[in-house]
Amino acid sequence: MFVLLTGVTIDLNDSYPQKACSECCGKLETAYNVRQSFLDNIYTKGSDESKQYTCKYAGCEYVTADYFKYHHHKKSRHERNFECSICQKRFPKQIQLSNHANSHLEKSERPFACDQCDRKFTSKTRLIAHGRIHTGEKPYLCTECGESFHSSAFLANHAMKHSKPQHKCQHCSREFRYKGDFVKHLRLHEENEWQCSF
């Protein structure tokens, strides 16, 4: 079922809604077709194992049978049209660039201020997550162990504890769950200050 803002319900299993006034019939048909096209791309193409989506960008070898994963890869990896004038980091959306630009400001100049303490943040999302520290709200629940967190970022970081290590040292085969720990470990090898005992 798909409910339009007008309250009209569209059953996507129907070929076309049975009742619509003459004024909104065209708009309804357009909305229905756009929605159906979107669902066709995700579910029909996405579940077709014989169809392969190959990234068209030079040097990229990404291939998947899932259209949604392909679309996400393309948008998040290659279509980063908004560049920071300070550090040249690129973003797929203007709002992401705006939030990032705030990170270059002094902490006291950041636009999103907490009304409970003197902290300021780069984005409204981070301010909201911070506000949960004051209220004690922890809406993000780990389904593995039941621990809850103030933000989705903390939950994602915690969830790594329940997963297999994803980073393996080529020098000593030691494995790490967290990229930061892995990078620190590699630096030790590069600096030759530490002899790995593994």
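Residues numbered from 1 in each chain as written. Predicted model: local features only at pLDDT ≥ 70, side-chain atom pairs only at ≥ 80, totals over all residues. Heavy atoms only, no water.

Note the cut-off: UniProt positions are given in the numbering used here, feature names are shortened, and annotations may be inferred rather than shown by experiment.
An unreviewed UniProt entry annotates the protein chain as C2H2-type domain-containing protein originating from Culex pipiens pipiens. Of the protein chain, the UniProt comment under Sequence similarities (unreviewed entry) reads exactly: "Belongs to the krueppel C2H2-type zinc-finger protein family." A UniProt comment under Subcellular location (unreviewed entry) is attached to the protein chain, and it reads "Nucleus".

### Focus on the UniProt feature "domain: C2H2-type" (unreviewed entry) in the protein chain
Inclusion rule: Secondary structure elements are taken from DSSP: a helix is a run of H or I of four residues or more, a strand is a run of E of two residues or more, and numbering for both begins at the N terminus.
Taking the UniProt record as the reference, the feature "domain: C2H2-type" (unreviewed entry) is found at residues 82–111, 112–139, 140–167 and 167–194. Secondary structure over residues 112–139 splits into 43% helix and 14% strand, and the C-alpha atoms at its two ends are 21 Å apart. Counting secondary structure, residues 140–167 comes out at 29% helix and 18% strand; the distance between its end C-alpha atoms is 26 Å.

### Side note on the layout of surface pockets
Put simply, the rule reads: A pocket here means an open set of points on a 1 Å grid, computed over the protein atoms alone, that has protein on both sides within 12 Å along at least five of seven lines. A cavity is instead a set of points where a 1.4 Å probe fits but cannot get out; residues with an atom within 4 Å of a point line either one. Grid points are joined across faces, edges and corners, and a volume is the space filled by probe spheres set on the points. Residue classes follow a fixed rule: Ala, Val, Leu, Ile, Met, Phe, Trp, Tyr, Cys and Pro count as nonpolar, while Asp, Glu, Lys and Arg count as charged, and any other residue, Gly among them, counts as polar.
The space that makes up the largest pocket amounts to roughly 570 Å³. Forming the boundary of the largest pocket are 23 residues, of which S123, T125, R126, A129 and A153 lie nearest the centre. Counting residues per element, the ones that place at least two in the lining of the largest pocket are helix 3 (94–102), helix 4 (124–135) and helix 5 (152–159). With seven residues, the single largest contributor to the lining of the largest pocket is helix 4. Considered class by class, the residues forming the lining of the largest pocket number eight nonpolar, eleven polar and four charged.

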